[in-house]
Amino acid sequence: LTAALNKLIQRIESFVTREREFTRNVSHELRTPLTVINIACDLMLGEPELNPKAKSSVTRIKRASTNMANLVETFLLISREMENELNIESISVGDIIKSETELINVIIEDKPIEIKLDLDTELLVHANEKVLSGLIGNLLRNAATYTDKGHISIKTLQDRIEVADTGIGMTQDEIKQIFDAHFRGKHQKRVGHGIGMTIVKKFSDRFDWNIEVESSPGIGTQVSVIFHK
């Protein structure tokens, strides 16, 4: 029995190692073509003679490649996290929010959405900067994906952040499943991979942060991440 258990443990460890190496290698390989796509899109969008229909198509391509680039960076981060190579330091949550807010403008540029920031409360968190960026970035991208009009607000409090939107909202049954990989409820046609909240949960678990979700169909969603100082 001991020999069988040891063999099983070795197989699991070997599988985890192969999975981590595959994730890291593929993510590195995807970086170059995604960078080329983004640069090409920027050059095309800079052409004054580009007609509106073509410009709209190129904008969608750029949006998709930007989302994929963010996903690749997250996979690389998860791979490093599995290898315990994270640097921990005191991070200004407000600074991360400002940076990530600028990045989602590509997603919402053709939507009547206002970004509201309430960062009056200074919030410092002992964590890894890229993990915190990945967590907040995925929260914002998720809100932008499921909001067609209105606003997305981000607020810092003494021990948490609150990301609220006026999007399509969720039922209580959908809320119970939002951390499941590839779950998008009844909205499968929405752009996205359905793993944003799964990543948020993974990063939160890594640092023992709590997540609270409140939502109502047709009204919107609020996600709170509570940090333990």
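For the structure, see preceding data.
Below, the structure is looked at part by part. (Residues numbered from 1 in each chain as written. Predicted model: local features only at pLDDT ≥ 70, side-chain atom pairs only at ≥ 80, totals over all residues. Heavy atoms only, no water.)

## Some points on the packing of aromatic side chains
Inspection of the entire model under this criterion finds 2 aromatic pairs. Aromatic ring contacts, followed pair by pair, group F207, W209 and F227 into a single cluster. Directly above the ring of F179 sits K201, whose terminal nitrogen or CZ lies 5.9 Å from the centroid. (Phe/Tyr/Trp six-rings, centres within 6.5 Å; stacked < 30°, edge-to-face > 60°. Lys NZ or Arg CZ within 6 Å of the ring centre and 35° of its normal.)

## Some points on the nonpolar core
Counting 40 residues, the largest nonpolar core has I136, L139, I161 and W209 as the members making the most contacts within it. If near-sequence neighbours (up to four positions away) are discounted, L139 is found in contact with I161, V163, M197, V200, V223 and V225. (Core = buried A, V, L, I, M, F, W, Y, C linked by side-chain atoms within 4.5 Å. Buried < 20%, exposed > 50% of the residue type's maximum accessible area, 1.4 Å probe, protein only. Contact = heavy atoms within 4.5 Å.)

## Comments concerning the layout of surface pockets
Space inside the second largest pocket adds up to approximately 250 Å³. Along its surface, the second largest pocket is lined by 11 residues, and E73, E100, K130, S133 and G134 are the ones closest to its centre. Looking at the lining of the second largest pocket, the elements with two or more residues in it are helix 2 (52-82), helix 3 (93-103) and helix 5 (129-145). Among the elements that take part in the lining of the second largest pocket, helix 2 stands out by supplying 5 residues, more than any other. Considered class by class, the residues forming the lining of the second largest pocket number 2 nonpolar, 4 polar and 5 charged. (1 Å grid on protein atoms, 1.4 Å probe; cavity = no way out; pocket = protein on both sides within 12 Å on 5 of 7 lines; lining within 4 Å. Points joined across faces, edges and corners; volume = space filled by probe spheres on them. Helix = DSSP H or I, 4+ residues; strand = E, 2+ residues; numbered from the N terminus. Nonpolar A, V, L, I, M, F, W, Y, C, P; charged D, E, K, R; others polar.)

## Quick look at unusual backbone geometry
Phi at D208 is positive, roughly 60°, even though this residue is not glycine. Mapping D208 onto the fold places it in the loop between helix 7 (196-206) and strand 6 (210-216).

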